[in-house]
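# Notes for the structure review
So you can see what is in the structure, the chains are spelled out below.
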Amino acid sequence: MKKICSIQNTKIKDLIKIYQKKNYMNIFFVEGIKEFEMAIKGKFLPKKIFICEKIFHKYNMIEPFYSITFIISMKNFKKLAYRENSGGIIALFKEKKYINQLKNIKISNKNSSLILILDGIEKPGNIGAMLRIADATNIHIIILCNMKTYVYNSNIIRCSLGSLFTRKIFMEEIESIMYWLQKNKIKIIATGFNKHKKAINLYHTQFPHNNHIAIVFGSESKGVSNFWLKKANKIITIPMFGNIDSLNVSNAMSIIIYEILRQRNYAI
């Protein structure tokens, strides 16, 4: 490990550039102990690691990477850290490309798969929360289309608690996704607003145990795009009892996914 005393150091300047500009040199930053551990678990490759000795204590975690680890002062760490409870570690990782891999994925007929499609979700915090729910419900295949933000955005990483790194995530064009869904005989369920004329109440919907299902969630402002609404086998909606006609998209996802799992695993 080496000690860095000045924030003018070249390595620190590179870190600042990554803060200011997404995908600078195909490198992104990860802040926090849990997030770092998840990135390593997901087989992402660290390029540089910065720690603050007064805060960081899990040296066994970074032992294999001492040659690329740098010690910085508390003052400099606070200038660089995005949040206060990071555990004293910031690391730079090399990107993985998620594009054009979906066509190689085959769905087994032995088990009923549940697939998540995020269509034009705008807010990084919501994407991160949805990835965290996907991890909690063990959804292995997540497809991103019409992406409006950088997939390695710090808010996505933080709000997903690093589950971004351990899920199977694919970024594809809509036409390629549809071809793959049809090829694998996957039923499409779109989520809609209550006012959609074809929308079915979630609690009046049966989710067969023996079907592969892809659930499509749309943007916070516009909802699911017309393409998915036209192609969907069903459009479902969550009943609303007050004056507001919709929920935050991550909350809606949690309600719908857990209802599907309840029907598949716990229904009497």
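Keep in mind it's a predicted model, so treat the numbers as computed, not measured. (Residues numbered from 1 in each chain as written. Predicted model: local features only at pLDDT ≥ 70, side-chain atom pairs only at ≥ 80, totals over all residues. Heavy atoms only, no water.)

## Observations regarding the nonpolar core
Soluble globular proteins tend to bury their nonpolar side chains together. Formed by 51 residues in total, the largest nonpolar core has its most connected members in Phe28, Phe36, Leu164, Phe165, Ile215, Phe217 and Met253. The element that contributes the greatest number of residues to this core is helix H9 (residues 249-265), accounting for 7 residues. With residues up to four places along the chain from it excluded, the contact list for phenylalanine 165 reads Phe28, Val30, Glu35, Met38, Ala39, Gly42, Phe44, Tyr152 and Ile157. (Core = buried A, V, L, I, M, F, W, Y, C linked by side-chain atoms within 4.5 Å. Buried < 20%, exposed > 50% of the residue type's maximum accessible area, 1.4 Å probe, protein only. Helix = DSSP H or I, 4+ residues; strand = E, 2+ residues; numbered from the N terminus. Contact = heavy atoms within 4.5 Å.)

## Things to note about the packing of helix H5 (residues 124-136) against H9
Two numbers describe how H5 lies on H9: the axes approach to 9 Å, and their chain directions differ by 15°. By the angle between their axes, H5 is roughly parallel relative to H9. H9 is crossed by H5, and the crossing has right-handed handedness. Of the residues in H9, those in contact with Asn126, Ala129, Met130, Ile133, Ala134 and Ala136 of H5 are Val249, Ser250, Met253, Ser254 and Tyr258. A per-class count over the contact of H5 with H9 returns 8 nonpolar, 3 polar and no charged. (Axes fitted to C-alpha atoms, helices over the stretch in contact; angles between N-to-C directions. Parallel < 35°, antiparallel > 145°, perpendicular 65-115°, else oblique. Left-handed = near helix turned anticlockwise from the far one by under 90°. Nonpolar A, V, L, I, M, F, W, Y, C, P; charged D, E, K, R; others polar.)

## Structural notes on the packing of aromatic side chains
For the structure shown, the criterion picks out 12 aromatic pairs. The interplanar angle of 80° and the centroid separation of 6.1 Å between the aromatic rings of phenylalanine 44 and tyrosine 152 together place this pair among those described as edge-to-face. Of this pair, phenylalanine 44 sits in the loop between helix H2 (33-41) and strand E3 (46-51) while tyrosine 152 sits in the loop between strand E7 (141-145) and helix H6 (154-159); the two residues are 108 residues apart in sequence, bridging distant segments of the chain. Linked through ring pairs, Phe28, Phe36, Phe44, Phe65, Phe93, Tyr150, Tyr152 and Phe165 together constitute an aromatic cluster. A cation over a ring is seen here: lysine 96 above phenylalanine 44, with NZ or CZ 4.6 Å from the ring centre. (Phe/Tyr/Trp six-rings, centres within 6.5 Å; stacked < 30°, edge-to-face > 60°. Lys NZ or Arg CZ within 6 Å of the ring centre and 35° of its normal.)

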